[in-house]
Structure formats: structure tokens, C-alpha cells
Amino acid sequence: MKPGMRRLVKPRSRRRFRAAGANGPSLVQTLRRGRRERAACAAVAGLAVCAALVAGCGTPPQAEPAPAELRHRNWWNFYERGAARLAGGEIRGAKDDFEVCLDLRPGAKYGYPRDTWRARTYGLHFLEGYFPNREYGICLYELGETDKAVGFLETSLGQEPSGRAKHYLNLARQRVLSGRRVAPPEIVFAAQAAAHYTRERSRELAGYAAGDGLVRAIAVNERPQFIELAERRVAFSETLPLKEGRNTVKVVAVDLTGQQTARELEWIADWRPPRLTVQRVAADGQGWVLDGACSDDCGLAAVRVNGERLPDIGAPDKPATRAAVRVVLQAGKPATLEAEDLAGNKLSTVLTAKDLAQDEAFLMRTRLAMAAGVQASGERPCAEHLAWTPAAGRLGSASPSMRKLSGGSSAWRASGGRACVEPRCRENRFPALPFRLAAAGDEPAAADTLKPRVRLNCPGTSLEVFAEEFLLEVSAQDPGGLAGITVGGEQLLAEQDRGSVKGCCPQRLPLEPGTNRFDVVVTDLAGNRYEQTLTLIRRIPEYLDAEFRLTVGVPPLVCAENDLPGAQVKRRIESELLRDPPRFHLLERDEGWDFILREQQLSVSDLADPRSALRIGKMLPAELLLMGSVLKQGAGLAVHARIVATDKGQILLSEDVYTERPDTELAYQVEGLVMKIEQRFPLAEGKILAVKGDKAKLDVGSRHGVRAGTSFVVVQPADAADAFDAGTVRHVGARFVELSVTRAQDQTSVATVRPDAGKAVLSEGDRIYAR
């Protein structure tokens, strides 16, 4: 043997070589055979992995029964035997072993009394899930030492939270409270939730439940809130979709003693802004007087004309749904009318004499048609009704079309704005044009063949928007009286407002992503019809694209036993990760994982090691891996998940949930597990305060959930108005610019610009959004 080769062989291998004798296999042959044996074992293990992946859950070797005597007397040896004893029902034996781990009883070389998800034993060896305080507290609870059990379970939660510790702490506290008389829990709503009216399509219900019996469950409209640990005061928050009109919300809170309290809220969702209609227009000196009404189905809060609030709108307990409005218009002096309803919807419109003068040509046609005797009755109006008196400058210069119709006079006025008392005029309902234009129930003039004049607040017939709704303002005028105003088939003009000469009817239009079409139709009493199709294209802001979210992969879950629902839990996790709005960009579902693990020669037990994320990251373009396991813990089932960064193999967080009723609670617990994970990656947004070299200072910090490692995309606002949603994500070539936080303070943070060339395109004031 060469001298150098002797040093490559372990001492025990050298003894085997010497014992083989001169006629035995050579060292090289021995080493090669060992490699072949290991390769064969790896192949068998690989096939086992693939078979397990078909079921969606990998299964490591089964645990052996707890040994009566330990070969080694380290704290981790006692912990493993104690866990096996507790699972087998040997409560007192398990209690003794955990006491050794906690250094409460001699036996080990030294104790390690700290609960942690990953405890280093020796060298690079780790023990996954080391919870001596928790397990000891469970033993005390099972043995009836409840007060001591509470103390150790609380210690465990203070060192490393776990679902199993919370479950048993609830049981222990419930036993302590049994037999005591405590008041039922109290439910308190946040101030904003108490508001009776709302203009929102969904609304957050926030508040808390409190009681000496420790609140253990809260349900909002029968949907349970995720609560693991019963506490004296538990906050709740739920965003509820609303329907138009009345919405009843019921909240139920239950404490550990079984007492419950229910409380209801009633919200009225009002999505229609107030409407303005003008029924009569009359001359008044050098101006006009408009008489109309402002109305709202749910109730008016305020109506203002030129900033002055109208009195007698109604009391808060009996709000008025209709208020009479009189507006005086002077030449060159517009009037502003503003109205707000109880839900906060607003109407704002400007009325001008110019708008009314634009209808004079139509009024002249109607007047001349009446004079020509073309009314359906065949009767001519009386001479007074048809009297025309030139009044140059009365209403300003008339248009050429008006001068042509009126025989060349520069301007005209009628003899009064009152209804004619002549029987034949009254019977034929001839309007006293041009000032009393029409009224509800008036018959249309036969000469009225002009369409209503309609103005929309939309430039053109097609518009791109980024919001979830669009406020469409429809302003319609017709001297013969309006019969209806519909948007998307919904009638906006009330029956009592038929015949109005002017109507201002804003409407909030909900938008789905993509193309939305709405037909706007306005008709008058003569049957003339205005139609327009409005196309609103709702775009999703670029920074919300899945391309810019953190990419995450979910490998098959490791199961401690074959009958555990690993595939079911994995599908549930993926489903929750995909729920709108998605927090992560989910990669590679069931397909592809068997190939990745086979290529990387990863065994089932390797999936529990966060270092395997480094190898998986070489094939899967995921920045994060959600590596989970499903295992039995006593009489219950635990699901443990870790988020691991694939670039460094670093564990970013560890969370778990525990239930002893998996048949009914597993989906609820997994939903809560994903919620806890997403809460650690909040969708914060802010601005760049300054850029210096490859560093950027941001206006968000730890108060906003930002910590070292948080990543942001950079958005260039669309215009000077800081339009965030319409902005574009900054790129350098084909790569988007990313900010990675290196230091987070309370309200600010410092981030590194990636790639390095990205610093040249950043500007102070750029918006940022968490990846």
C-alpha cells in the first residue's frame, strides 16, 4: 500500500483491511465496492421517494420504541426517549426524562432548558423540534398538576411559540377556570365600524372581545376567526363584501368557560350619489330662476348652493330623501350645487346661463311650430301665449339659427313665465315657453323631434382606468321634458322626476378586470332617444403582476407515518397561497417535483433539512421554499412549515398549527398557518427618500412590517400627480430594479439597489411596493 493511501482510510477500516489478510480484496476494491453499495442504496431510496411522491407525502423511517436504557446520557437522548414515552402513554416516565432535559433532575451531563425548532446537538448535527418545557407541561397537565403545567407551557410559548403549546395551555387554563363565576365576554366594535351608512362595496369590521373567562373563539357571520390561544382580550378583523341596501353583521364570542356573547351591526350600503333635477326655469330680471329638487334614496346629509347650506334637510334619525332647491343664475355668474348623502356619496355640478341659452334654438322651433298650428289638437295657442316682444340684449346675442327662425330679431323673450289661463291653451297644455318648459304629465309638443342634449364626464367613448369602479356623471337637458336616464339598463330618473327639463345623475360603475361596456340611454317625453355605448377598460397595475412577487415552491410534505394526510395538506396550502390577492408567485405544483428530487439525489429525510433548499434552487427558479411536515403529536396532528431562502439555505421563519380534531379542523388550521406566513411578508408600499450610490433610503420601516431582507420593486409614477397605479416598474435592460433592505429602523429603512446599474435610473420620489 502506498503511504499516502493509508491516511485516507478510517481507523476502523484499516483494521478490517489488516484482518482480511494478504489474500483478501485490495483497499481500492474495498472502497469501490463501498461506493457501489452506497449507489445501490441511493437508487433504492430514490425509487422509494418517487413512490411516496405519488401520494404527495414523503415518509422517513419509522421511529423505534423508546429504549428502557440509554447508551448515551446527553440531554437530546433523554428528550427523544421522553417524546417516545409520552406518545406511548408512559406519562410518568416521560416526565422524568423531560426533567433531565430541563436540568431539574440529574442524569445527563448537562441540561438544555430552551425550547426551539432546531437545536444543535454536536458538530453539525441538529435535533428538529426540541420543546422540553412544552412536553413537560403536557405531562404535568395529564397528571393533574395544572398550576405547574400552566407555568411551563407559558415558558415554552415565551421561548418558541408552537400550536401544541397553545392547545394545551388553553386546556390547562380552562381547567383552572372551571367552577368559577365570571362574566361573559364583551364585544367592542371599532368606531368606524359603528357607522350605520357606508359607500364602500366591502367593509372592514374591526374590534375586540374581552372577558375574564379568556376568549377562545370569535365568529363573524359564522366565519371563525383564526385564534390559537385564548386570551383576556382578542382583537378581530374581517373584510366583508356588501350588497346594496341593508347588511346585517353578527359577531359571536365564546370564552373558555363556555359562555358566549352575540352582537349585531346593521350597515346600509348606498352606492348611488344624490341626483339633481330641474322642473321649472323662469326669467327673473336679468337672470334665470331654476326650481328643482335634490334627492337620494337613503337620505341627504347636506345640500349647498354656492357654499350656503340649505336648512331643513332633516334630522339624523329621520333623514330627508328629497329637498327642494332654487338656484338664481346671473349672466356670467355660474352657480355651484353640492350635495352629500348619509353614506358619503357626493354630487357636485355647475349651473350656467349659457347652458340654458343653448336650448333657445329648440325653443324657437317649438314656438313657431305651435304658431303654425301643427299641434295634435289642431288648436292654435292664444295671441297672448304667442306674443313675442323684441328685447335686444335681454339674453345676449342670439345664434344665427335663432335669428333665422325668429325672422332676424337679435333676441326674444316670452310674455311672462306663468301658465296661460286661456281655456284652449290650458286644455291643450301649451307650455308658457321658453321659461316654463315642461312639467310632469305634460303632453309633448308634436314639433319636438330633437334628441335630448347629454354630456358625460368621459373623454370619448373608450377609457382605460386602474380603479375598481368609475364615477360616471350624466347631465341631460331637454326642453320638452326628460322621460328617463338609464346606465347599463338601470333607471336613474325617479318616476316623480319625469318631465324634468334637466337632470344630473352620477352613477358609480363597478369594473371587472378587462373590458366593461355600459349603454347610456336618455329619452324625452316625445320619445326622442339619445344612445351612447361607453367602454371602460380596467387595467391591473403593472407592479401587481405575478412577475414581481416573491417566487415560492412547495415541495412534497414529509410525513412521519404513511396514513397522514400529506397530499391533502399540500393542496390546501397551495390553494390558500393562490387566494386573491396572491401574496406569492407559486411555482411547480404536483408535476415536476419527482424529477427535481431524483435529479438532485435527495432522499425523503433530506426534505426536512433546510440545506436541501440550496440544491433544489439550482433547478427550480424559486426564491423561497415552503418546506413542511405532517406528524402525529400525542393525540393530535401537527403541520409544521418553514420558509427557506434558496440562495443561502437560511430559515426565514418557522410556524406550525396543531389540532386534535383533524377531520373537522384541518382546513381551518392550514388556512391559519398560511395566514401567519403571509403576515410575515406584508405588502408594504412607500417612497424613495434619497438615493446615494447603490443605497436608497425608504420611508417605511419596522413599524410597517419591514425587516432586513424585505424586497421592493420600484415604480416610476405616471405623472406629476404621483399616479401610482398607472406607473411603470423601472427596468435595467430586461431585469427589473429591486431594492433589498439591509437595515430597518422604526419608520425608515436602507436598501441596496440591485442590479448595480439600477442606481442610474432611480429618482427621489419613486414609489416602492413589496415583492
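These figures come from a predicted structure and were not determined experimentally.

**Details of the packing of aromatic side chains**
For the structure on display, the rule yields 18 aromatic pairs. Consider the rings of Phe 548 and Phe 736, whose centres lie 5.2 Å apart with planes at 85°: the pair is edge-to-face. Residue Phe 548 is located in the loop between strand 29 (529-538) and strand 30 (551-553), and its partner Phe 736 is located in strand 41 (residues 735-736); the two are separated by 188 residues in the primary sequence. Relative accessible area serves as the criterion here: at 14%, Phe 736 is assigned to the buried category.

**A word on the packing of helix 6 (residues 132-142) against helix 8 (residues 163-177)**
Helix 8 packs onto helix 6 with a crossing angle of 30° between their chain directions and a minimal axis gap of 10 Å. Accordingly, the angle class assigned to the pair helix 6 and helix 8 is roughly parallel. The two elements helix 6 and helix 8 cross, and the hand of that crossing is left-handed. The residues of helix 8 that touch helix 6, namely those facing Arg 134, Glu 135, Ile 138, Tyr 141 and Glu 142, are Arg 164, Ala 165, Tyr 168, Leu 171, Ala 172 and Arg 175. Counted by class, the contact of helix 6 with helix 8 contains six nonpolar, no polar and five charged residues.

**Looking at the nonpolar core**
Residues Tyr 79, Leu 86, Phe 98 and Tyr 130 are the most contacted members of the largest nonpolar core, which totals 34 residues. Breaking this core down by element, the ones donating at least two residues are helix 4 (75-87), helix 5 (91-101), strand 2 (116-120), strand 3 (126-130), helix 6, helix 7 (146-159) and helix 8. Once you skip the residues sitting within four places of it in the chain, Phe 98 turns out to touch Tyr 79, Gly 82, Ala 83, Leu 86, Pro 132, Glu 135, Tyr 136 and Cys 139. If you look at the next biggest cluster of nonpolar residues, it comprises 27 residues, including Leu 586, Leu 624, Val 630 and Leu 637.

**Digging into the sheet that holds strand 19 (residues 346-351)**
Taken in spatial order, the four strands make up an open sheet running 14-13-18-19, and their pairing is antiparallel. Whereas interior strands pair on both sides, the edge strands pair on one side only; in this sheet they are strand 14 (308-309) and strand 19. Where strand 18 (residues 335-341) and strand 19 come together, six bridges link them in antiparallel fashion. From the neighbouring strand, Glu 340 faces strand 19, where its bridge partner is Lys 346.

**A closer look at the side chain of Thr 659**
Within the fold, Thr 659 resides in strand 35 (residues 651-659). Owing to a relative accessible area of 2%, Thr 659 belongs among the buried residues under this scheme. A polar contact of 3.0 Å, which involves the side chain of Thr 659, links it to the backbone nitrogen of Arg 661. When neighbours within four sequence positions are excluded, Thr 659 is seen to be in contact with Gly 636, Leu 637, Glu 665 and Gln 669.

**Considerations on the pattern of salt bridges**
With the rule as written, the count across this model stands at 46 salt bridges. For Glu 128, the salt bridge identified is with Arg 118, shortest N-O distance 2.7 Å. In this pair, Glu 128 is assigned in strand 3 and Arg 118 in strand 2, connecting sequence segments ten residues apart. Glu 128 gets classed as partly exposed once you look at its relative accessible area, which sits at 35%.

Each value, and the rule that gives it
- Residues numbered from 1 in each chain as written.
- Predicted model: local features only at pLDDT ≥ 70, side-chain atom pairs only at ≥ 80, totals over all residues.
- Heavy atoms only, no water.
- Phe/Tyr/Trp six-rings, centres within 6.5 Å; stacked < 30°, edge-to-face > 60°.
- Helix = DSSP H or I, 4+ residues; strand = E, 2+ residues; numbered from the N terminus.
- Buried < 20%, exposed > 50% of the residue type's maximum accessible area, 1.4 Å probe, protein only.
- Axes fitted to C-alpha atoms, helices over the stretch in contact; angles between N-to-C directions.
- Parallel < 35°, antiparallel > 145°, perpendicular 65-115°, else oblique.
- Left-handed = near helix turned anticlockwise from the far one by under 90°.
- Contact = heavy atoms within 4.5 Å.
- Nonpolar A, V, L, I, M, F, W, Y, C, P; charged D, E, K, R; others polar.
- Core = buried A, V, L, I, M, F, W, Y, C linked by side-chain atoms within 4.5 Å.
- Pairing = 2+ DSSP bridges.
- Polar contact = N/O pair within 3.5 Å; in protein donor to acceptor, adjacent residues only side chain to side chain.
- Salt bridge = Lys/Arg side-chain N within 4 Å of Asp/Glu carboxyl O.

Without other data, these values stay purely geometric and don't point to any function.
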